[in-house]
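Tertiary structure, described
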Number of protein chains: 2
Amino acid sequence: MVTMSDVAREAGVSVMTVSNVLSERRPVGAPTRARVLAAVEALGFEVNLTARHLRAGRTDTVALVVPSFHDYFGEVADEIAPLVEAEGRHLVLERTAARPEQEIASLGVARLHLYDGVLLSVAALEPEQLDRVRTTKPVVLLGERDVPGRFDHVRLANEEGARLATAHMIAGGSRRILVLGGALETTHMMTTDRRAGWETAHREAGLPVDDRYVVPVANYSSAGARDALGEVIASGLPFDGVFAVTDVIALGAISALAASGLRVPDDVQLAGFDDLDVSNFVPPGITSVDPNHPGVAREAVRLLHRRMADAGAPAEHLVAPVRLVVRGSTRAAR
Amino acid sequence: MVTMSDVAREAGVSVMTVSNVLSERRPVGAPTRARVLAAVEALGFEVNLTARHLRAGRTDTVALVVPSFHDYFGEVADEIAPLVEAEGRHLVLERTAARPEQEIASLGVARLHLYDGVLLSVAALEPEQLDRVRTTKPVVLLGERDVPGRFDHVRLANEEGARLATAHMIAGGSRRILVLGGALETTHMMTTDRRAGWETAHREAGLPVDDRYVVPVANYSSAGARDALGEVIASGLPFDGVFAVTDVIALGAISALAASGLRVPDDVQLAGFDDLDVSNFVPPGITSVDPNHPGVAREAVRLLHRRMADAGAPAEHLVAPVRLVVRGSTRAAR
DNA sequence: CTGTTAGCGCATTCAA
DNA sequence: TTGAATGCGCTAACAG
């Protein structure tokens, strides 16, 4: 590895002069500067950022830690990156290990010290586990689980979004709406909140709530959704609407509906959550709850910057508003 | 920040003993060990990885550098992560800046020194630019552009895949097949190669090749594809098949076809490339060229490990085989 | 404008 | 089994 010493020797100057030329933190005479740059070029020197980071006590890097790199998280990451870069920092993505129940543990808390700040997407960590995470690093949590109050946190208006989507389908004439990917557990998490919104919409419309219409989905995957809905269809349980708790699940649903010859929205209305890009393009267009990714990204980065600037600021807990994007998979109110 | 010195003082031992307890590189007496661990716990010590990395001269971290975090790259990243982790290293994702023409330049070559190895997905970098990247770091290039011979490189059998997909649609009866997202430029890149495969299939079938059927798509996005195909439809140019150079483009195509009342595959057959998850679920299922992501990931990581173990090994240039996955958007041979 | 000294936190080497 | 000295590569602070 070529170091500054090598460059300094080659250019016949001190190491500090090389450092000053490269960082431009102090003026350097033109001829000296030229010799240094020539030496840098000749030797192919690249500054060792690890050393710089150690010296500086910071890395100018922010990490976004996600359960997986694809779908929802990839889209959010692309929103966050420019905001972080606008402040002169870099964004890197880290993935929590395959077993989400480990999350930070699997990643190693020490790794967080590699970054000036961390956006941690909490998929499966319990509040108690999270509470044991003792890091002085600025951390902002993202995600739909409850978290200890001392953390900054951005979550979505899950129940409200689910209520909007369900009420819209009720207004469009549906009377037996499945909540696909819903769960009956009472632990507070995304799927519970969205099921609750589905229930609220029913109560508000004076419709009965039937637990048989709460259909779990393995892995929250499209494949799991297709299989689960296929089984419902095979069972003969009558339904005329599907609220999928994520768009990934809605995608599996539309596949199962098509396979059974059920028309969307004529026979079955369908709505999802997340407003992924794909929902805009899958015919007939999937009505979806838009969580406003850019807004969420902006808020998360804002909280992180605030926290980095003032470690003692009181924690903020934001609930990002959502709105319904109506597309062809649902009918207008009748 | 709590350092090893703090822990050492608290435990009444030397810094080295703390280091040894934590790294387990040398045996430490049980009572001493217990005191150290107690001090670590009491002070909430976390090892400073930046310092460790500087000292060790390596970071045990591999970077995957991609143009964007979503879609194709997110899916590949999820394949690569476990392979890297299996060797005891971490994977992080970095994104090249918004302007792909900058790519590495935007990222800063120095950043590559933060990692023991780099998988660089080359979307837009010209071979000449790449040639100026003088890094002694182990680097493996991914992507469909030509690259300087000294780099290890994994690419897909783009032309072959495009030929397979096109020939399949010809066998299914299509005679006027658009290549959506194709380009006529002669610079070697993904879109050129896939257009070439489309052309080869036509020649092999004795069908004429008409440049009007090469339709560029803005940004290679679904929205761009929908608009581009919409214009073709409006223009009245007759066609009965669409080869989309990516599945993202195929998704836009299926949207435009549905909007125009064209049935898939009855009126128009459709095939894509990449075999994204979504292609399996969008009715009627999008026939797609499967680039075998797990295989590509495996080969890329293998090359990187080889390069990290032996910097002087001759460069390998792999072309990963592809296969066609037939779904409902195309017809069986007639 | 340029050089010297010192030290960021950790782990290798050598000594006890 | 434990400790002391040393330096990884860089830059702040202080000379000159």
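Every value quoted in this text rests on a predicted model; they were computed, and no experiment measured them. (Residues numbered from 1 in each chain as written. Chains lettered and ligands numbered in written order. Predicted model: local features only at pLDDT ≥ 70, side-chain atom pairs only at ≥ 80, totals over all residues. Heavy atoms only, no water.)

Before going further, it helps to spend a moment on the domain arrangement of chain A. What the domain assignment lists for chain A is domain 1 (4–47), domain 2 (59–156 + 292–320) and domain 3 (158–291). Computed over C-alpha atoms only, the centres of domain 1 of chain A and domain 3 of chain A are separated by 63 Å. (Domains from an automatic or database assignment.)

The subject of this paragraph is the pattern of salt bridges. Tallying each qualifying case throughout the model produces 44 salt bridges over all chains. Arg 9 of chain B is the partner of Asp 6 of chain B in a salt bridge, and the nearest nitrogen-oxygen pair spans 3.4 Å. Highlighted residues: Asp 6 of chain B and Arg 9 of chain B, both in helix H1 (residues 4–11), separated by three residues, approximately one helical turn. The partly exposed category is assigned to Asp 6 of chain B, whose relative accessible area is 23%. Residue Arg 9 of chain B is classed as exposed on the basis of its relative accessible area of 61%. When salt bridges with common partners are traced through the structure, they connect Asp 152, Glu 299, Arg 302, Arg 306, Arg 307 and Glu 316 of chain A into a single cluster. (Salt bridge = Lys/Arg side-chain N within 4 Å of Asp/Glu carboxyl O. Helix = DSSP H or I, 4+ residues; strand = E, 2+ residues; numbered from the N terminus. Buried < 20%, exposed > 50% of the residue type's maximum accessible area, 1.4 Å probe, protein only.)

For any pair of aromatic rings, the description consists of the separation of the ring centres together with the inter-plane angle of the planes. One pass over the structure, following the stated rule, counts zero aromatic pairs over all chains. Above the plane of the ring of Phe 273 of chain A lies Arg 194 of chain A, whose end atom (NZ or CZ) is 3.5 Å from the centre. (Phe/Tyr/Trp six-rings, centres within 6.5 Å; stacked < 30°, edge-to-face > 60°. Lys NZ or Arg CZ within 6 Å of the ring centre and 35° of its normal.)

It is worth spelling out the relation of the copies chain B and chain A at this point. Once chain B has been moved 0.1 Å along the axis and rotated by 180 degrees, it coincides with chain A to within an RMSD of 0.1 Å. As the rotation angle and translation indicate, the two copies are arranged about a two-fold axis. Rotation axis and chain B: the residue whose C-alpha lies nearest the axis is Leu 93 of chain B, separated from it by 2.4 Å. Taken together, the interface assignments show that 100% of the residues at the interface of chain B recur at the interface of chain A, consistent with an identical surface on both copies. (Least-squares fit on C-alpha atoms with pLDDT ≥ 70 in both. Contact = heavy atoms within 4.5 Å.)

Our next topic: helix H13 (residues 293–309) of chain A. With 17 residues, H13 of chain A extends 24 Å from end C-alpha to end C-alpha; this agrees with the ideal 24 Å at 1.5 Å per step. For H13 of chain A, the set of buried residues is His 293, Gly 295, Val 296, Ala 297, Ala 300, Val 301, Leu 303, Leu 304, His 305 and Arg 307 of chain A. (Expected span 1.5 Å × (residues − 1).)

Further remarks concern the side chain of Ser 329 of chain B. Residue and element names in this part refer to chain B. Relative to the elements of secondary structure, Ser 329 occurs in the segment after strand E12 (323–325). Assessed through its relative accessible area of 0%, Ser 329 is described here as buried. A polar contact of 2.8 Å, which involves the side chain of Ser 329, links it to the backbone nitrogen of Thr 287. The residues contacting Ser 329, other than those within four sequence positions of it, are Val 264, Pro 265, Val 268, Gln 269, Leu 270, Pro 284, Gly 285, Ile 286 and Thr 287. (Polar contact = N/O pair within 3.5 Å; in protein donor to acceptor, adjacent residues only side chain to side chain.)

This part takes up helix H9 (residues 158–171) of chain A. Residue and element names in this part refer to chain A. Taking 1.5 Å per residue as the helical rise, H9 with its 14 residues ought to reach 20 Å, and the 20 Å between its terminal C-alpha atoms agrees with that figure. Within H9, burial applies to Asn 158, Gly 161, Ala 162, Ala 165, Thr 166, His 168, Met 169 and Ile 170. Downstream of H9 by a residue or two, Gly 173 has a phi angle that is positive, lying close to 110 degrees.

Moving on, we come to the packing of helix H2 (residues 15–23) of chain B against helix H3 (residues 30–43) of chain B. Residues and elements named next belong to chain B. In contact at an axis separation of 10 Å, H2 and H3 are set at 90 degrees when each is read in the N-to-C sense. When the interaxial angle is binned, H2 and H3 end up roughly perpendicular. Only Thr 32, Arg 33, Val 36, Leu 37 and Val 40 of H3 make contact with H2, whose side of the interface consists of Thr 17, Val 18, Val 21 and Leu 22. For the contact of H2 with H3, the per-class residue count stands at six nonpolar, two polar and one charged. (Axes fitted to C-alpha atoms, helices over the stretch in contact; angles between N-to-C directions. Parallel < 35°, antiparallel > 145°, perpendicular 65-115°, else oblique. Nonpolar A, V, L, I, M, F, W, Y, C, P; charged D, E, K, R; others polar.)

This paragraph deals with the UniProt feature "domain: HTH lacI-type" (unreviewed entry) in chain A. According to UniProt, the positions carrying the feature "domain: HTH lacI-type" (unreviewed entry) are residues 2–56 of chain A. Annotated as 71% helix and 0% strand, the span residues 2–56 of chain A places its first and last C-alpha atoms 20 Å apart. (UniProt positions renumbered as here; feature names shortened; annotations may be inferred.)

Below, the discussion takes up the nonpolar core. The biggest cluster of nonpolar side chains holds 144 residues, and the ones touching the most others in it are Leu 180, Leu 229 and Phe 243 of chain A together with Leu 180, Leu 229 and Phe 243 of chain B. Counting 62 residues, the second-largest nonpolar core is a separate cluster that includes Val 13, Val 21, Leu 49 and Leu 107 of chain A. (Core = buried A, V, L, I, M, F, W, Y, C linked by side-chain atoms within 4.5 Å.)

Here we come to the sheet that holds strand E6 (residues 177–180) of chain B. In sheet architecture, strand pairing relies on hydrogen bonds along the backbone and comes in two forms, parallel and antiparallel. Residues and elements named next belong to chain B. Spatial strand order, E7-E6-E8-E9-E10-E12: six strands in an open sheet with mixed pairing. The two strands at the open ends of the sheet, each matched to only one other strand, are strand E7 (214–215) and E12. Here E6 runs beside E7; their pairing, made up of two bridges, is parallel. Within E7, the residue paired with Val 179 across the bridge is Val 214. Contacts from helix H10 (residues 190–204) reach E6, E7, strand E8 (241–244) and strand E9 (269–273), with the element oriented near 170 degrees to E6. Sitting on the sheet, helix H11 (residues 222–235) is in contact with E6, E7 and E8, with an inclination near 150 degrees to E6. (Pairing = 2+ DSSP bridges.)

Lining the immediate environment of DNA strand C, one finds 23 residues, of which Arg 26, Thr 32 and Arg 55 of chain A together with Met 16 and Arg 52 of chain B sit closest. Near the protein, within 4 Å, the atoms of DNA strand C are sugar or phosphate in 59% of cases. In this structure, a base oxygen belonging to DNA strand C sits 2.3 Å away from a side-chain N or O atom of Arg 26 of chain A. Here a phosphate oxygen of DNA strand C sits 2.9 Å away from a polar atom, N or O, in the side chain of Ser 19 of chain B. Residue assignment for the surface near DNA strand C shows that the elements contributing at least two residues are helix H2 (15–23) and helix H4 (49–56) of chain A together with H2 and helix H4 (49–56) of chain B. Broken down by element, the surface near DNA strand C gets its largest block of residues, three residues, from H4 of chain B. Considered class by class, the residues forming the surface near DNA strand C number ten nonpolar, seven polar and six charged. (Near = heavy atom within 4 Å.)

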